[in-house]
Amino acid sequence: MMRGMFAAIAGLRVHQTMLDVTANDIANVNTIGYKAERTTFKDALSQTLRGAGAPNASLGGTNAAQVGLGVQLGSIDNQMGSGAIQSTGNQTDMAIQGDGWFQVSSGDPAAGGSSTYYTRAGNFTRDANGDVVTSDGYFVVGSSANPPTAGSLTKINIPSNATSVSIDPKGAVTVITPPVAPATTPTTTTTYITLAKFPNDQGLTREGGNRFTASNNSGAALVSVPGDAGQGFGSLTTGAVEMSNVDLAQEFTNLITAQRGFQANSRVITTADDMLQELVNLKH
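Keep in mind it's a predicted model, so treat the numbers as computed, not measured. (Residues numbered from 1 in each chain as written. Predicted model: local features only at pLDDT ≥ 70, side-chain atom pairs only at ≥ 80, totals over all residues. Heavy atoms only, no water.)

### As for the pattern of salt bridges
Turning to step 1, where the next piece is worked out: This model, assessed by the stated rule, comprises six salt bridges.
Turning to step 2, where the next piece is worked out: Between R38 and D77 there is a salt bridge; the shortest N-O distance is 2.8 Å. Taken together, the residues R38 in strand 1 (residues 37-43) and D77 in strand 4 (residues 71-78) connect sequence positions 39 residues apart.
Turning to step 3, where the next piece is worked out: When its relative accessible area of 43% is taken as the criterion, R38 is described as partly exposed.
Turning to step 4, where the next piece is worked out: Measuring nitrogen to oxygen at the nearest pair gives 3.2 Å for the salt bridge that ties D131 to K155. (Salt bridge = Lys/Arg side-chain N within 4 Å of Asp/Glu carboxyl O. Helix = DSSP H or I, 4+ residues; strand = E, 2+ residues; numbered from the N terminus. Buried < 20%, exposed > 50% of the residue type's maximum accessible area, 1.4 Å probe, protein only.)

### Overview of the packing of aromatic side chains
Turning to step 1, where the next piece is worked out: Across all of its chains, the model carries four aromatic pairs by this definition.
Turning to step 2, where the next piece is worked out: Ring plane angle 85° and centroid distance 5.1 Å describe the contact between F102 and F124, whose orientation is recorded as edge-to-face. One end of the pair, F102, is in strand 7 (residues 101-105); the other, F124, is in the loop between strand 8 (116-119) and strand 9 (125-126), with 22 residues separating them in the sequence.
Turning to step 3, where the next piece is worked out: Over the ring of F233 we find K197, and its NZ or CZ is 5.7 Å from the ring centre.
Turning to step 4, where the next piece is worked out: Its end group placed over the ring of Y117, R211 keeps NZ or CZ at 5.2 Å from the ring centre. (Phe/Tyr/Trp six-rings, centres within 6.5 Å; stacked < 30°, edge-to-face > 60°. Lys NZ or Arg CZ within 6 Å of the ring centre and 35° of its normal.)

### Things to note about unusual backbone geometry
Turning to step 1, where the next piece is worked out: With omega at 5°, the peptide bond leading from N146 into P147 counts as cis.
Turning to step 2, where the next piece is worked out: In this structure, P147 sits in the loop between strand 11 (139-143) and strand 12 (153-155).
Turning to step 3, where the next piece is worked out: One non-glycine residue, N210, lies in positive phi territory at about 65°.
Turning to step 4, where the next piece is worked out: Locating N210 in the fold gives a position in the loop between strand 17 (205-208) and strand 18 (211-213).
Turning to step 5, where the next piece is worked out: With relative accessibility at 28%, the residue N210 sits in the partly exposed group.

### Re the nonpolar core
Turning to step 1, where the next piece is worked out: Residues M94, F102, V140, I193 and L236 are the most contacted members of the largest nonpolar core, which totals 19 residues.
Turning to step 2, where the next piece is worked out: Among the secondary structure elements, those contributing two or more residues to this core are strand 6 (94-97), strand 7, strand 13 (164-167) and strand 14 (172-177).
Turning to step 3, where the next piece is worked out: Residues within four places of M94 in sequence aside, it is in contact with F102, G122, F124, I167, I193, L236, T237, A240 and V241.
Turning to step 4, where the next piece is worked out: Counting seven residues, the second largest nonpolar core, distinct from the first, contains W101, Y118, F198 and F212. (Core = buried A, V, L, I, M, F, W, Y, C linked by side-chain atoms within 4.5 Å. Contact = heavy atoms within 4.5 Å.)

### Regarding the side chain of S143
Turning to step 1, where the next piece is worked out: Looking at where S143 falls in the secondary structure, it is placed in strand 11.
Turning to step 2, where the next piece is worked out: Owing to a relative accessible area of 0%, S143 belongs among the buried residues under this scheme.
Turning to step 3, where the next piece is worked out: Within the structure, S143 has its side chain in polar contact with the backbone oxygen of A145 (distance 2.7 Å).
Turning to step 4, where the next piece is worked out: Here S152 takes part through its side chain, which lies 2.7 Å from a polar atom of the side chain of S143. (Polar contact = N/O pair within 3.5 Å; in protein donor to acceptor, adjacent residues only side chain to side chain.)

### Examining the environment of V223
Turning to step 1, where the next piece is worked out: Relative to the assigned elements, V223 resides in strand 19 (residues 222-224).
Turning to step 2, where the next piece is worked out: Given a relative accessible area of 30%, V223 falls into the partly exposed group.
Turning to step 3, where the next piece is worked out: Setting aside its immediate chain neighbours within four residues, V223 contacts Q103, P148, T194, L195, A196 and F233.

### What about the environment of G83?
Turning to step 1, where the next piece is worked out: Among the structural elements, G83 can be located in the loop between strand 4 and strand 5 (85-87).
Turning to step 2, where the next piece is worked out: In this structure G83 comes out as buried when scored by relative accessible area, which is 15%.
Turning to step 3, where the next piece is worked out: Sequence separation between G83 and V246 is 163 residues; the distance between their C-alpha atoms is 7.8 Å.
Turning to step 4, where the next piece is worked out: The residues contacting G83, other than those within four sequence positions of it, are K35, E242, M243, S244 and N245.

### Some remarks on the pairing of strand 17
Turning to step 1, where the next piece is worked out: Pairing analysis gives three bridges linking strand 17 to strand 18, with the strands arranged antiparallel. When the bridges of strand 18 are listed, R206 appears paired with F212.
Turning to step 2, where the next piece is worked out: In sequence, strand 17 turns back onto strand 18 through a hairpin of two residues, with G209 there showing a positive phi of about 65°. (Pairing = 2+ DSSP bridges.)

### Details of helix 2 (residues 248-280)
For an α-helix, the turn length of 3.6 residues means that residues three or four places apart are oriented alike.
Turning to step 1, where the next piece is worked out: Its 33 residues give helix 2 an end-to-end C-alpha distance of 48 Å, which sits within 8% of 48 Å, the value for a rise of 1.5 Å per residue.
Turning to step 2, where the next piece is worked out: Among the residues of helix 2, those classed as buried are E251, N254, A258, G261, N265 and A272.
Turning to step 3, where the next piece is worked out: Buried residues belonging to helix 2 abut helix 1 (3-27) and strand 1.
Turning to step 4, where the next piece is worked out: N-cap assignment for helix 2: the residue whose side-chain oxygen lies 3.2 Å from the backbone N of A249 is D247. (Expected span 1.5 Å × (residues − 1).)

Here is the structure:
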């Protein structure tokens, strides 16, 4: 059987994967906080028909003669560039200008034992208890101290009787509630939005729902607050969200590239089949 046919089959497979990745990016063009992906290829093994020869006294050197055996998937890379900031006017919506990831938790961070996820989607809301949560109900992780420590992590709560709520660019959430007798002065509570950074953001693992988790290649999370310039953290913009960083022009170009690559590899299979048919017909 012709090597070219098997090489073309490999080409069909990886171009199908490229099409799948591109289609997913286009589908998420308006997903808040979505990060696009990029597909790369690498060549497969080659069959050596003749090895390289060293020069000698009577003849010069010769190069090896090799036939490639197709292509394979090189990588699917996360594109972690920032998306456009879109104003919403919603007080609990937040966007990160610069580096960092919001931390969200599947349980009370103060209780321990909860799973921590990371997201750039800052479309947060308040639940019935006044806790700031994601659209899926995951708690936004805050801290009662600045800088955060392991024992200071907590939920961010805005009670229903709050008379004033403010969130500054450095993540300080200040809530003022009416005085509780016998006190005569309002109660002021401040918690801090926490952000996380990784040595290798591209190594984060997608979990769906705009959430990522740390992986063996992302490195350990460095946790601080927005605006921590010493650690390189970005600042917060409230009343806004970060949109998808998908570049539609680039994605449509990738779509055409994947389609043409798939068609070309299909044509190779058709050509190889015609050649085999000619060989079979030699007996007639």
